[in-house]
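Commentary on secondary and tertiary structure
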Protein chains: 2
Amino acid sequence: MAPFCYDYPHPAVTTDIALFTILEDKLAILLIRRRSPPFQHCWALPGGFVEPDEGLENCALRELAEETGITGVYLEQLYTFGQPDRDPRERIISVAYYALAPADILAPVAGSDAAEVCWFALDALPDLAFDHPDILCLAQQRLRTKLDYSTIAFSLVNETFTLGELQKVYEIIRGEPLDKRNFRKYILSLNLLAESGASQHGCNHRPAKLYRLAQPGTLHYLR
Amino acid sequence: MAPFCYDYPHPAVTTDIALFTILEDKLAILLIRRRSPPFQHCWALPGGFVEPDEGLENCALRELAEETGITGVYLEQLYTFGQPDRDPRERIISVAYYALAPADILAPVAGSDAAEVCWFALDALPDLAFDHPDILCLAQQRLRTKLDYSTIAFSLVNETFTLGELQKVYEIIRGEPLDKRNFRKYILSLNLLAESGASQHGCNHRPAKLYRLAQPGTLHYLR
DNA sequence: ACAAAAGTGTTCTCGATACACCCATGC
DNA sequence: GCATGGGTGTATCGAGAACACTTTTGT
């Protein structure tokens, strides 16, 4: 029943994932409701223990898939949280990741490890388990600062998107409105977009051109 | 002999520290020579196993002090390296930190865990143990980028310093010369320095004013 | 016709860059 | 007096910010 023995104490290691999306014009985060103690029935970031033969990033992707059915997100290591008392069970060190995905690709479904999976707007969060509020706070900071010198925002829109949609993403993350002309000038000057040829349709207004990334899936650093 | 047992496998967790300084007008890093296998007699970053009741940052500071006698550095978490095969002994996950300190405060002396401790210029590195080259490379990248939006460079000069010395630090990290007048204008416009009143002496030229940080020990983010 | 978002240029400001000479000290 | 780094100001350029009207579609 306790076959894994070592000459000196070993901590447990987990990954936790802060998956952001934009839902109803707000930043939202994916949470699961815990099925077992500690913090039973409490909401928490998806995540779990690192398997002996998997890398940390693989662990994060696997846990996200197992617990929420979600795959194909942008994922990046955030910070490692290791306060000795952060978990009441034993010493657990957590390598936190943050992830980004457009909301409407995803159809979260509770996996085996979680009773419920749900998006929560960041301004209407429930109480969170462990030090997950700290993780979330740091993740949001990182998202905000990285917006300015990289192309992470593109991970929050669909494969094809309008410049209006993209601008909305920037505005929501920065928490302030942006000038339309300056925004378009800036984005197009990056030379990272290609017109998809198609346009919006079925909207109450002039249809917008649809763009796609010239090199999909590539994160660019600016300046 | 193996009293620490768990219901499922636990990795070991270490911290490794990339301590930079400026030595003889070059970026240099502190290395220790390993006394035991694996990579016996090889040079490596200082670091070691996380104790059950210490935080990660404390572990890094403790290992640095034990192995090199050095304290009082600027320290910041860098990245967590967890490839399953990065250590031949067992699964070891390493939380890497990078640190900065002025060279002439330090008088590194081998502690109990290391046979030798030595500064190495980055352009004259020996072979390094484990994935320490990766850690070092990432640390150097971080140092370079963070130079532009924070006051980390101040951690590489003494408590009082001349603007010439500070400029040298920027030039060495960026790998290019800077304009003296523009540099001084920029630094002074930050309003973070106070004149110490004193000046250099014993130099072959006009003595420079000595400055100190108005709030020593505080890291500022710019823009 | 009206509502709603798309699309489009110019002006201004401010921070970043480029650049050259005199000053104080030790030898 | 000469070598060495310290100390200083101005002109230019370019990126970012401010700003308003016409266009296309659905109802």
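Not measured: the values here are computed from a predicted model.

1. With respect to the interface of chain A and chain B
Many authors give the size of an interface as the accessible area that is lost as the parts come together. Each side of the interface is counted separately: chain A has 33 residues, and chain B has 33 residues. Both sides together, the interface formed by chain A and chain B hides about 2800 Å², and carbon and sulfur atoms give 56% of it. At the boundary of chain A and chain B, one finds zero salt bridges. Of all the secondary-structure elements, those providing two or more residues to the side of chain A that touches chain B are β1 (4–6), β2 (12–23), β6 (74–81) and β7 (92–100) of chain A. It is β6(A) that provides the largest number of residues to the side of chain A that touches chain B, a total of four residues. Partitioning the side of chain A that touches chain B into residue classes produces 20 nonpolar, six polar and seven charged. Of the pairings in the sheet, the one linking β1(A) to strand β1 (residues 4–6) of chain B comprises three bridges and is antiparallel in character.

2. Here's the deal with the protein's contact with DNA strand D
Taken together, 21 residues lie around DNA strand D, and A:R206, B:K180, B:R184, B:H205 and B:K209 are the ones closest in. The protein-proximal atoms of DNA strand D, defined as those within 4 Å of the protein, are 37% sugar or phosphate. Contact between DNA strand D and B:R184: a phosphate oxygen at 2.7 Å from a side-chain N or O atom of the residue. Taking B:K185, its side chain carries an N or O atom lying 2.9 Å from a base oxygen of DNA strand D. When contributions to the surface near DNA strand D are tallied by element, the ones reaching two or more residues are α4 (180–189) of chain A together with α4 (180–189) of chain B.

3. Points about the packing of helix α2 (residues 132–147) of chain A against helix α3 (residues 163–174) of chain A
All names here are of chain A. Contact geometry for α2 and α3: axes closest at 9 Å, N-to-C directions at 130°. As the angle between them shows, α2 and α3 are arranged oblique. The hand of the α2/α3 crossing is left-handed. Contact residues: L143, R144 and L147 in α2; Y170, I173 and R174 in α3. Looking at side-chain class alone, the contact of α2 with α3 contains four nonpolar, no polar and two charged residues.

4. Considering the sheet that holds strand β9 (residues 160–161) of chain A
Residue and element names in this part refer to chain A. Sheet architecture is open: three strands sit in the order β9-β11-β10, paired in antiparallel fashion. Of all the strands in the sheet, the pair left with one neighbour each is β9 and β10 (193–199). For β9 and strand β11 (residues 209–213), the ladder comprises two bridges, and the chain directions are antiparallel. For F161, the partnering residue across the bridge sits in β11 and is Y211.

5. Digging into the pattern of salt bridges
Going through the model one piece at a time under the given rule, you end up with 30 salt bridges over all chains. A salt bridge links A:E76 to A:R142; its shortest N-O distance comes to 3.8 Å. With A:E76 in strand β6 and A:R142 in helix α2, the pair connects residues that are 66 residues apart, well separated along the chain. Classification of A:E76 by relative accessible area gives buried; the value is 13%. Exposure remark for A:R142: the relative accessible area of 25% places this residue in the partly exposed category. Between B:D87 and B:R89 there is a salt bridge, and its shortest N-O distance comes to 2.7 Å. According to the relative accessible area criterion, B:R89 is partly exposed, its value standing at 44%.

6. What about the protein's contact with DNA strand C?
Not every one of the 20 residues close to DNA strand C is listed here, only the nearest: A:K180, A:R184, A:K209, B:N182 and B:C203. Measuring from a base nitrogen of DNA strand C, one finds a side-chain N or O atom of A:K180 at 2.8 Å. Every element with two or more residues in the surface near DNA strand C is listed here: α4 of chain A together with α4 of chain B. The dominant element in the surface near DNA strand C, judged by the number of residues it contributes, is α4(A), at four residues. Partitioning the surface near DNA strand C into residue classes produces four nonpolar, six polar and 10 charged.

Reading the values: the criteria
Residues numbered from 1 in each chain as written. Chains lettered and ligands numbered in written order. Predicted model: local features only at pLDDT ≥ 70, side-chain atom pairs only at ≥ 80, totals over all residues. Heavy atoms only, no water. Contact = heavy atoms within 4.5 Å. Buried area = accessible area lost by both parts, 1.4 Å probe. Salt bridge = Lys/Arg side-chain N within 4 Å of Asp/Glu carboxyl O. Helix = DSSP H or I, 4+ residues; strand = E, 2+ residues; numbered from the N terminus. Nonpolar A, V, L, I, M, F, W, Y, C, P; charged D, E, K, R; others polar. Pairing = 2+ DSSP bridges. Near = heavy atom within 4 Å. Polar contact = N/O pair within 3.5 Å; in protein donor to acceptor, adjacent residues only side chain to side chain. Axes fitted to C-alpha atoms, helices over the stretch in contact; angles between N-to-C directions. Parallel < 35°, antiparallel > 145°, perpendicular 65-115°, else oblique. Left-handed = near helix turned anticlockwise from the far one by under 90°. Buried < 20%, exposed > 50% of the residue type's maximum accessible area, 1.4 Å probe, protein only.

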